[in-house]
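If you want the building blocks of each chain, they are given just below.
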Amino acid sequence: MIKQILGRLPKKPSKSADAREAPSSGHSASSRSNDVAGHRAGGLKEVPLAGTNFSSNSGIGNKFFEGARANESFEALPNFRDVPTSERQNLFLRKVNVCCAVFDFTDPTKNTKEKELKRQTLIELADYVASANGKFTETIIQEVIKMVSVNLFRSPAAQPRENKISQAYDFEEDEPLMDPAWPHLQFVYEFFLRFVASSETDTKLAKRHLDHPFLLKLLDLFDSEDPRERDYLKTVLHRIYGKFMVHRPFIRKAINNIFFRFVYETEKFNGVAELLEVLGSIINGFALPLKEEHKLFLVRVLLPLHRPKCLPMYHQQLSYCITQFVEKDSKLADTVIRGLLKCWPITNSSKEVMFLSELEEVLEATQLPEFERCMVPMFRRIAYCLSSSHFQVAERALYLWNNDHIENLIRQNRKVILPIILPALERNSRSHWNQVVQSLTRNVRKIFSDADPDLFQECLRKVQEDEAKQSEVKAKHEATWRRLEQAANKAASTEVPFPAQKVAS
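A brief report on the enclosed structure follows. (Residues numbered from 1 in each chain as written. Predicted model: local features only at pLDDT ≥ 70, side-chain atom pairs only at ≥ 80, totals over all residues. Heavy atoms only, no water.)

### What to know about the overall build of the chain
Formally: Under the DSSP-based scheme used, a helix requires at least four consecutive residues in state H or I and a strand at least two consecutive residues in state E, with every element numbered from the N terminus. Each residue gets one of three labels from its accessible area relative to the maximum for its type: buried under 20%, exposed over 50%, partly exposed in between, using a 1.4 Å probe on protein chains only. Two residues form a contact once any of their heavy atoms are found within 4.5 Å. Here, Shrake-Rupley sampling with a 1.4 Å probe gives the accessible areas, and only protein chains in the shown set may cover a residue.
Each helix and strand in the chain was counted, giving 23 helices and zero strands. Looking at the chain as a whole, 46% of its 505 residues qualify as buried. Across the chain, every contact between residues at least 6 apart in sequence was considered, and the portion connecting residues at least 24 apart equals 78%. Accessible surface for the chain amounts to roughly 27,600 Å². Of this, 51% is attributable to carbon and sulfur atoms.

Printed below as a string of structure tokens:
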């Protein structure tokens, strides 16, 4: 009876509850946070994450907020400037734990108050990290990694275009899918980016919690359909790679595995361009001489990336990575050029134009010895491009002579190159349908003629002799077919019909 009476009495409010107040609206966010500060986050249905556990001191419990419980737990915590310096790390932990609540932004009408409070809390956390003056403890690092994992490593959304690579589609006109939760997720990314980059984040402590499973899940997020998320991930990954040297080999290996799966299995991964952009910066920092591991990465990973049909989505970044290797070590030019020739597209004219552009960039960093090793198969392929009926392919191949370094290499090896390409130049000058191609062809012929008139005339006579022989062989073939046709017609006219056989009744 006494327990029942006492249970009806109102409970005394806690000191922490008395101290709570709304976060200050004057608190400034980061430059990136300001870009989306005006966006409404949209309502959320709260969804649990598999495998997520909250610590007992988080104030949240093992379930996500529902109904009245969400409203009670999402009361605003004090601002950092309103508490003593000694209490700020504890307040930081409380705010981090509050941000572990996850909402569903597909419903713009639910939990709008809680989402706004969480958004303000994330902005305050980001500003606090940017201006922190003391080292973060291991407990803080652990809770931050937990909060970031809960918010970012969400269940994958439906992919309605999963088989888009196997279907013909326009890479430029295909609209990316925008995540409705992005106005909220951006603040999580901004906070995490500042936390990783902060000088108060101890690398030795953080590496225990920012571990390999975390990095694998972070890399999986590069498959997001939302380009804004991939752009943030690119920056975060670059910061992690630069700060945590112990994780560098693992990150490179994990990226290699993503590319292997993309090239040889799925041909479906949205973040190839962003990963290549990160790798371009990594390659730029490779020390000389290059390690064998890095050369194998070039041969086994980067060069095969020219094969997928969706090359236009990431060719610019891939070409930059390839060129960085050649600029680091010019002896790799032969390997790169032969790798390009191996993957050269035969029936895809737009990809062929890309390959010619990349070939020019590689040749700009190529020295004479490496050029001489691969010039014969390379100019055989260029001769095919010069003869292409697609004017952009022929035009792009002819533009190689506008590059002074490439022209100098060709000039020094004209005795080998001119006999290979002159037949294509002659056909273009006589019969190509595009006037621009004909004009560029005449300019290239003039370059060779002025450089070595005797060689040009000798090669021209050889071309004319070969064309005469081909005409003679063609005439013989046609005469042979006419004789065969006449003989067949004569045999058909003189053929004696077989007598009809009577069938016994």
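### Things to note about empty space enclosed by the protein
Condition: Only protein atoms enter the 1 Å grid, on which a cavity is a set of points fitting a 1.4 Å probe that cannot get out and a pocket is an open set with protein on both sides within 12 Å along at least 5 of 7 lines, lining residues being those with an atom within 4 Å of a point. Grid points are joined across faces, edges and corners, and a volume is the space filled by probe spheres set on the points. For this classification, the nonpolar set comprises Ala, Val, Leu, Ile, Met, Phe, Trp, Tyr, Cys and Pro, the charged set comprises Asp, Glu, Lys and Arg, and every other residue, Gly included, is treated as polar.
Applying the stated rule across the entire model yields four cavities of 30 Å³ or more. Lining the second largest cavity are Trp401, Glu407, Ile410, Arg411, Arg414, Ile447, Phe448 and Ala451. Split into classes, the residues belonging to the lining of the second largest cavity amount to five nonpolar, no polar and three charged.

### Regarding the packing of helix H11 (residues 227–243) against helix H13 (residues 272–284)
Keep this limit in mind: Axis lines are fitted through C-alpha atoms, for helices just across the contact stretch, and the angle between N-to-C directions can take any value from 0 to 180 degrees. Angles below 35 degrees are treated as roughly parallel, those above 145 as roughly antiparallel, those between 65 and 115 as roughly perpendicular, and all remaining angles as oblique. Helix crossings fall into two classes, left-handed where the near helix is turned counterclockwise from the far one by less than a right angle and right-handed where it is turned clockwise.
Direction vectors running N to C along H11 and H13 enclose 30 degrees, while the axes themselves pass 9 Å from each other. One finds that H11 runs roughly parallel with respect to H13. Considering the relative orientation of H11 and H13, their crossing is right-handed. From H11, Arg230, Lys234, Leu237, His238 and Tyr241 reach across to H13, where they touch Glu274, Leu275, Glu277, Val278, Ser281 and Ile282.

### Description of the pattern of salt bridges
Our working definition: Here, a salt bridge means any Lys or Arg side-chain nitrogen found within 4 Å of an Asp or Glu carboxyl oxygen.
Enumeration over the complete set of coordinates arrives at 25 salt bridges. Across the pair Lys146 and Glu143 runs a salt bridge whose closest N-O atoms are separated by 2.9 Å. Of this pair, Lys146 and Glu143 both sit in helix H7 (residues 138–152), three residues apart, roughly one helical turn. Summarising the burial analysis for this pair, Lys146 and Glu143 share the class buried.

### Notes on unusual backbone geometry
Residues Leu288 and Pro289 are joined by a peptide bond in cis, for which omega reads -5 degrees. If you trace the backbone, Pro289 turns up in the loop between H13 and helix H14 (292–302). With phi around 55 degrees, Glu267 is a residue other than glycine that occupies positive phi space. Topologically, Glu267 is positioned in the loop between helix H12 (248–266) and H13.

### Quick word on H13
Here is the rule we go by: To estimate the expected span of a helix, count its residues, drop one, and scale the result by 1.5 Å.
For H13, which comprises 13 residues, the first-to-last C-alpha distance of 18 Å matches the rise-based estimate of 18 Å (1.5 Å per residue) to within 8%. Turning to H13, its buried residues are Val272, Ala273, Glu274, Leu275, Leu276, Val278, Leu279, Gly280, Ile282 and Ile283. Here the buried face of H13 lies against helix H10 (212–220), H11, H12, H14 and helix H15 (315–328).

### Some remarks on helix H23 (residues 453–494)
If you check H23, its first and last C-alpha atoms are 61 Å apart, about what 42 residues at 1.5 Å a residue would give, namely 62 Å. Leu455, Phe456, Cys459, Leu460 and Val463 are the residues of H23 that are buried. Here the buried face of H23 lies against helix H21 (414–431) and helix H22 (435–451).

### Some words on the packing of aromatic side chains
Cut-off, in case you're wondering: Ring pairs shown here join Phe, Tyr and Trp side chains whose ring centres sit within 6.5 Å, with only the six-membered ring taken for Trp; geometry is labelled stacked below 30 degrees between planes, edge-to-face above 60, and tilted in between. Note on geometry: a ring has a charge over it if NZ (lysine) or CZ (arginine) is within 6 Å of the ring centre and within 35 degrees of the ring normal.
Taken as a whole and assessed by the stated rule, the structure comprises 21 aromatic pairs. Aromatic side chains Phe92 and Tyr128 sit 5.2 Å apart centroid to centroid with 35 degrees between the ring planes, which places their arrangement in the tilted category. With Phe92 in helix H5 (residues 88–98) and Tyr128 in helix H6 (residues 112–130), the pair connects residues that are 36 residues apart, well separated along the chain. Between the aromatic rings of Phe391 and Trp433, the centroid separation amounts to 5.9 Å while the plane-to-plane angle is 80 degrees, which identifies the pairing as edge-to-face. Residue Phe391 is found in helix H19 (residues 391–398), and its partner Trp433 is found in the loop between H21 and H22; the two are separated by 42 residues along the sequence. Judged by relative accessible area, which is 29%, Phe391 ranks as partly exposed. Chaining the aromatic ring pairs together yields one cluster made of Phe80, Phe92, Tyr128, Phe136, Phe191 and Phe195. Just above the ring of Phe80 sits the side chain of Lys95; from NZ or CZ to the centre is 5.4 Å. Between Lys115 and the ring centre of Phe105, over which it is positioned, the NZ or CZ distance is 4.7 Å.

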